[in-house]
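# A closer look at the structure
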Amino acid sequence: MASSLYFILPALGGYTLTSLYLLKNPQILHKKKRAAFHCTHISHRGGKEGTVEGLEQGTGMLELDCHLTRDGHVVVSHDENLLRQTGHDVTISSLNLEELPLQKDRLEVTFYAGHYSTGTDRKFTLLEEVFRKFPKMPVNIEIKEDNSLLMEKVSNMVKQYDREDLTVWATVDSTIMKKCRRTNSTMPYSFSMRRGLQLLLLYYSGLLPFVPLGESFLQFYLPRIINRTYIPEERLLKNRMVIYLIEKLTMKKSLFKHLASRGIQVHLFVCNEDPDIEAAFEAGATGVMTDYPTLLTDYLHRHRSQD
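The paragraphs below set out a description of the structure included in this document. Within every chain, residues take consecutive numbers counted from 1 along the sequence as written. Where totals are concerned, whole chains, interfaces and linings use all residues; where local detail is concerned, this predicted model gives features only for residues with pLDDT of at least 70, and gives and counts side-chain atom pairs only at 80 or more. Neither water nor hydrogens contribute to the side-chain values; these are computed over all heavy atoms in the structure.

## A look at the packing of aromatic side chains
The geometry of an aromatic ring pair comes down to the distance between the two centres and the angle between the two planes. For Phe, Tyr and Trp, rings pair up if their centres lie within 6.5 Å, where Trp contributes its six-membered ring, and each pair is then called stacked (planes under 30 degrees apart), edge-to-face (over 60) or tilted (otherwise). Taken as a whole and judged by the stated rule, the model has 12 aromatic pairs. Here the aromatic rings of Tyr221 and Tyr230 are separated by 5.7 Å at their centres, their planes lie at 15°, and the arrangement is stacked. Judged by relative accessible area, Tyr230 falls into the buried class, the value being 11%. An aromatic cluster is present here, built from Phe111, Phe220, Tyr221, Tyr230 and Phe269 joined pairwise through their rings. Throughout this description, the term charge over a ring refers to an Arg CZ or Lys NZ atom that lies within 6 Å of the ring centre and within 35 degrees of the ring normal. One residue, Arg106, lies across the ring of Tyr116, its end atom 3.8 Å from the ring centre. In this scheme, a residue with accessible area under 20% of its type's maximum is buried, one over 50% is exposed, and one in between is partly exposed, where area comes from a 1.4 Å probe on protein chains only.

## Some details on the nonpolar core
Membership of the largest hydrophobic core comes to 43 residues, with the highest contact counts inside it found for Leu199, Leu208, Leu222, Leu255, Phe256, Leu259 and Leu268. Of all the secondary-structure elements, those providing two or more residues to this core are helix H6 (193-205), strand E9 (217-221), helix H8 (253-261), strand E10 (265-269), helix H9 (274-283), strand E11 (287-290) and helix H10 (293-306). By the convention used here, residues are in contact when the closest approach between their heavy atoms is within 4.5 Å. Every residue in contact with Phe256, bar those within four places of it in the chain, is listed here: Leu218, Thr250, Met251, Val266, Leu268, Ala283, Gly284 and Ala285. Leu68, Leu127, Cys180 and Tyr189 belong to the second largest nonpolar core, which has 25 residues in total. Think of a nonpolar core as a cluster: buried Ala, Val, Leu, Ile, Met, Phe, Trp, Tyr and Cys residues, connected wherever their side-chain atoms sit within 4.5 Å. Helix and strand assignments come from DSSP, with helices taken as H or I runs of at least 4 residues and strands as E runs of at least 2, each series counted from the N terminus.

## A look at unusual backbone geometry
Residue Val270 follows Phe269 across a cis peptide bond; omega there is -15°. Summarising the element assignment, Val270 is placed in the loop between E10 and H9. Within the chain, Asp162 stands out as a residue other than glycine whose phi angle is a positive 55°. Tracing the backbone through its elements, the reader meets Asp162 in the loop between helix H4 (148-160) and strand E8 (167-170). For Asp162, a relative accessible area of 67% translates into the label exposed. Its identity is not glycine, yet Asn227 carries a phi of approximately 70°, on the positive side. Along the polypeptide, Asn227 turns up in the loop between E9 and helix H7 (240-250).

## A word on the packing of H4 against helix H5 (residues 174-183)
At a minimum axis separation of 9 Å, H4 and H5 run at an interaxial angle of 40°. Regarding the angle of H4 to H5, the classification is oblique. For the pair H4 and H5, the sense of crossing is right-handed. The residues of H5 that touch H4, namely those facing Met151, Glu152 and Ser155, are Ile176, Lys179, Cys180 and Thr183. The residue classification treats Ala, Val, Leu, Ile, Met, Phe, Trp, Tyr, Cys and Pro as nonpolar and Asp, Glu, Lys and Arg as charged. All others, Gly included, are polar. For the contact of H4 with H5, the class distribution of residues is three nonpolar, two polar and two charged. The axes used here are C-alpha line fits, helices contributing only the stretch in contact, and every angle between their N-to-C directions lies in the interval 0 to 180 degrees. Roughly parallel means an angle under 35 degrees; roughly antiparallel, over 145; roughly perpendicular, 65 to 115; everything else is oblique. It is the rotation of the near helix from the far one that decides the hand of a crossing: anticlockwise by less than a right angle makes it left-handed, clockwise makes it right-handed.

## Focus on the packing of H6 against H8
One can describe the packing of H6 onto H8 by two numbers: an axis separation of 11 Å at closest approach and a directional angle of 105°. With respect to their mutual orientation, H6 and H8 come out roughly perpendicular. Between H6 and H8, the contacting residues are Leu199, Leu200 and Tyr203 on the first element and Ser254, Leu255 and Leu259 on the second. In the contact of H6 with H8, the residues fall into five nonpolar, one polar and no charged.

## As for the pairing of E11
Burial along E11 is two-sided: the face carrying Gly287 and Met289 and the face carrying Val288 and Thr290 are both buried. When DSSP finds two or more bridges between two strands, those strands count as paired. Strand direction decides the pairing type here: strand E1 (residues 41-44) and E11, joined by three bridges, are parallel. Its bridge partner being in E11, His41 is matched across the sheet by Val288. Read from E10 through H9 to E11, the crossover connection turns out right-handed. Note on handedness: a crossover is taken as right-handed if, strands pointing away from the viewer, the path from the first strand over the helix to the second is clockwise.

## Some thoughts on the pairing of E1
Judged by which residues are buried, E1 turns out to be covered on both faces: His41 and Ser43 on one side and Ile42 and His44 on the other are all buried. Here three bridges tie E1 to strand E2 (residues 61-68), and the two strands are oriented parallel to one another. Bridged to Ile42 within E2 is Met61.

Set out below in structure tokens:
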């Protein structure tokens, strides 16, 4: 046993040193991804619940959720069931486009408890309208449902408007992500929940510097907003110790710096107050997602002038 330690300990030491060196110098093994865009300012849900109001306020990317109506229109909406957004307990997939109810004129912001969004345009927006109005704007499209027709329609529309390099597949579900990529493999894509957990395991095991990564974006909660500006429904996330552990395990500047060096953009969300924006960038985020585009624009302008 003692003799085997003479081989095991040097091997472990060599592995650790090599892993740490490559973590800081990933370009030795991996070619840096060259994205068509790099953004520090991302508008969560387009900066307002399901509309394109306020998008021309310095944002560098739109984050949207899409669903399919009964008559085949791709609609921008966070929820499939419209009770929260409209007061009507109906689903988008059960209605034709012309039957969709108007959104509430005053809607609580999910990630900013006690604050409400208002607007004059209460109609649901079509994804095609977003592409037409913002032809050069990067768009992150989250697919929440396992709907092959929705994926095909999004992919076809992306091709029609010649924006495959500007449109990102996003979903928390690994199965849905695989189908999205099979539908259109040329679009960049983000980490799913399972792949994010695998990423953490690779990081803590020291294997990350040796493993190729296909994703171009990592998008994750800024843990400090949970139970403060964002009140989760899950009982587990209401536990302070759980949130503390999540923050300690995930907010690793060395991990984010490694990803950025490999050309993988790190977006933290949803930051609706200056201290949270500052904390996200301090943690190593390359971009911040917000419900209030003007707030983030003002923050970035102030700090660029200070620099």
